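# Observations on the three-dimensional arrangement
This is what each chain is made of:
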Amino acid sequence: MNFTPAITKDAVSQMPREMFPGRIIVVENRVILDKALSYLSSLTEIGFDTETRPNFSKRTHYKMSLIQLAGDDICFLIRLNKLKKIPSSLESFLKNESIKKIGLSLRDDFHGLHSLTNISPGNFVDLQTYVTQFGIEDMSLQKIYAILFGKKISKRERLSNWEADTLTESQQRYAALDAWACLRIYQFLECSK
């Protein structure tokens, strides 16, 4: 199957907006985390993304605030800033080779993870590398998604405060959509082979 290699920002801006269609669960304690990981461990592939509080000063640096893990119809938003550190159950899940984890620009995510733990993540697929075999040249999630599905992903919440006491509904929808979109792109391209 042939895909358009690239798309303009103007073309994307004219498209209808995509929304995450599933359930979103915010994880702020280890009891809910373990239930989430138990469910996710029953899946063979998941969407993965992370968020970090934006840095508007060269002297200020923040640690990763959020890990998003999405199945087809549910997304767990794991608030690392509330958990204080990465629990061993989450480390084991991220290392688990039997579950494929699909993300975009994983080098940045892994850098953020390594500032919190020394794990070596296992069985990750970086869409920026993966989509090239289908002739897609654009590397942003927004543009890849637009090329494949004709819908735009809003990036309005990207620079919001991911360490806020409570994530807004808009932040939750944005975070869930980013992880789920990675999974959806991968599944669509796998089926098109």
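Provided above is the structure to which this section pertains.
The structure displayed is predicted, hence computed values, not measured ones. (Residues numbered from 1 in each chain as written. Predicted model: local features only at pLDDT ≥ 70, side-chain atom pairs only at ≥ 80, totals over all residues. Heavy atoms only, no water.)

Judged by how many residues are buried, strand S4 (residues 74-79) sits mostly within the fold: 6 of 6 residues are covered. Judged by which residues are buried, S4 turns out to be covered on both faces: Ile74, Phe76 and Ile78 on one side and Cys75, Leu77 and Arg79 on the other are all buried. Note: strand S1 (residues 23-27) against S4, 5 bridges, orientation parallel. Bridge pairing links arginine 23 to isoleucine 74 in S4. Where strand S3 (residues 64-70) meets S4, 5 bridges bridge the pair, whose relative direction is antiparallel. Looking at S4, one finds that alanine 70 is bridged to cysteine 75. Where S3 hands over to S4, the hairpin turn is made up of 3 residues, counted between the paired strands. (Buried < 20%, exposed > 50% of the residue type's maximum accessible area, 1.4 Å probe, protein only. Helix = DSSP H or I, 4+ residues; strand = E, 2+ residues; numbered from the N terminus. Pairing = 2+ DSSP bridges.)

With respect to the helices, strands and loops of the structure, glutamate 51 is situated in strand S2 (residues 45-52). Given the relative accessible area of 7%, glutamate 51 is considered buried. For glutamate 51, the side chain forms a polar contact with the side chain of glutamine 68, separated by 3.3 Å. With residues up to four places along the chain from it excluded, the contact list for glutamate 51 reads Met64, Ser65, Leu66, Gln68, Arg158, Trp162, Tyr174 and Asp178. (Polar contact = N/O pair within 3.5 Å; in protein donor to acceptor, adjacent residues only side chain to side chain. Contact = heavy atoms within 4.5 Å.)

Once the charged atoms of two side chains with opposite charge are near each other, the side chains can pair. Evaluated as defined, the whole model comprises 6 salt bridges. Salt-bridge contacts for glutamate 28 lead to arginine 79; the nearest nitrogen and oxygen are separated by 3.1 Å. Here glutamate 28 is found in the loop between S1 and helix H2 (30-40), whereas its partner arginine 79 is found in strand S4, with 51 residues between them in sequence. With relative accessibility at 35%, the residue glutamate 28 sits in the partly exposed group. (Salt bridge = Lys/Arg side-chain N within 4 Å of Asp/Glu carboxyl O.)

In short, geometric facts, not functional conclusions.
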